[in-house]
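# Coordinates in review
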Amino acid sequence: MKNRYWLIIGLVILGVVLALLVVSRSNYEALQADLANLQADYDSVKSELDDIKKVYPARDFSSLEELKDWLLENDVSELPPAATVEQLYSKGLTIQEDALEDGYIISVDFEVPIYIACVAIIDGYLWVWEPESDDPFLYSGWGQVR
């Protein structure tokens, strides 16, 4: 009878241990799933941050070649000619926005009576071009501005 008693106690203890193992395993699997989700979220945010770091902070072009290459990739100069000064200025603003998205600084300038130009700085010097062209030229008469 005494052996039977110990057998029952042993079986109860074994049952409790098995139940705890099953509960612990399901908790462990849930924790693994949470960690996998956290890792996926981290990877997504890190990728987004890496993309932002490529364009922020915006910078000047490092060379005339870099500016010319960028202008060739930008398609604003390939659009139909502007019919109004407002449309021409809008093209300049589009170039400015496109440059900023790619991490570059371009300004849009206008002079009276009606002259609109895009301006970039390379090695401290002003480079200017019309929004409907891809031909920058060094602005004469000024020294380094930066």
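Preceding block: the structure.
## Describing the overall build of the chain
- Helices and strands together make up the secondary structure of the chain, namely three helices and four strands.
- N-terminal to C-terminal, the α/β element order of the chain is α-α-α-β-β-β-β.
- Its C-alpha atoms give the chain principal-axis dimensions of roughly 115 × 35 × 20 Å.
- Sequence separation of at least 24 residues holds for 46% of the intrachain contacts in the chain that already meet a minimum separation of 6.

## Points about the side chain of N74
- Looking at the secondary structure, you find N74 in the loop between α2 (64-73) and α3 (85-101).
- For N74, the side chain forms a polar contact with the main-chain nitrogen of V76, separated by 3.1 Å.

## Comments concerning the pairing of strand β2 (residues 115-122)
- Counting buried positions along β2 gives seven out of eight residues, so the element sits mostly inside the fold.
- Linking strand β1 (residues 107-111) to β2, which pair antiparallel, is a turn of three residues.
- Direction of pairing for β2 relative to strand β3 (residues 125-129): antiparallel, over a ladder of five bridges. By the bridge assignment, I122 is partnered in β3 with Y125.
- Taking the residues that link successive antiparallel strands as the turn, the β2-β3 hairpin has two residues, and the phi of D123 there is positive, at about 50°.

## A short note on a nonpolar patch on the surface
- A contiguous nonpolar patch, built from L7, L11 and L14 and spanning about 300 Å² of accessible area, is present on the exposed surface.
- Along the chain, L7 falls in helix α1 (residues 2-55).

## Here we look at unusual backbone geometry
- Each neighbour pair has its own omega, and for Y56 with P57 the value is -5°, a cis peptide bond.
- With respect to the helices and strands, the residue P57 is situated in the loop between α1 and α2.

## Regarding the pattern of salt bridges
- With the rule as written, the count across this model stands at five salt bridges.
- The salt bridge partner of R146 is D60, with a shortest N-O separation of 3.4 Å. Of this pair, R146 sits in the segment after β4 (137-138) while D60 sits in the loop between α1 and α2, and the two are 86 residues apart along the sequence.
- Ionic pairing is found between E132 and K91, a salt bridge with its closest N-O pair at 2.8 Å. A residue pair is termed long-range when its members are at least 10 positions apart, and E132 in the loop between β3 and β4 and K91 in helix α3 qualify at 41 residues.
- Judged by its relative accessible area of 31%, E132 is partly exposed.

## Quick look at the side chain of S77
- Following the sequence through the fold, S77 ends up in the loop between α2 and α3.
- A relative accessible area of 19% places S77 in the buried class.
- With sequence-adjacent residues up to four places away left out, S77 is seen in contact with P131, E132, S133 and D134.

## Here we look at α3
- The first and last C-alpha atoms of α3 sit 24 Å apart over 17 residues, in line with the 24 Å expected at 1.5 Å per residue.
- For α3, every residue scored as buried is listed here: L88, K91, G92, I95 and A99. Angularly, the buried residues of α3 cover 95° about the axis, an arc narrow enough to put them on a single face. Set apart from the buried face of α3 by more than 90 degrees, the exposed residues are E86, E97, L100 and E101.
- Packing partners of the buried residues in α3 comprise α2, β1, β2 and β3.
- Backbone geometry just downstream of α3 places G103 in the positive-phi region, at approximately 90°.

Rules of the game
Residues numbered from 1 in each chain as written. Predicted model: local features only at pLDDT ≥ 70, side-chain atom pairs only at ≥ 80, totals over all residues. Heavy atoms only, no water. Helix = DSSP H or I, 4+ residues; strand = E, 2+ residues; numbered from the N terminus. Contact = heavy atoms within 4.5 Å. Polar contact = N/O pair within 3.5 Å; in protein donor to acceptor, adjacent residues only side chain to side chain. Buried < 20%, exposed > 50% of the residue type's maximum accessible area, 1.4 Å probe, protein only. Pairing = 2+ DSSP bridges. Patch = residues over 30% accessible without salt bridge, like charges linked within 9 Å, V, L, I, M, F, W, Y side chains within 5 Å. Areas by Shrake-Rupley, 256 points an atom, 1.4 Å probe, with all protein chains shown as cover. Salt bridge = Lys/Arg side-chain N within 4 Å of Asp/Glu carboxyl O. Expected span 1.5 Å × (residues − 1). Arc of directions from axis to C-beta.

In short, shape yes, function no, at least from these values alone.
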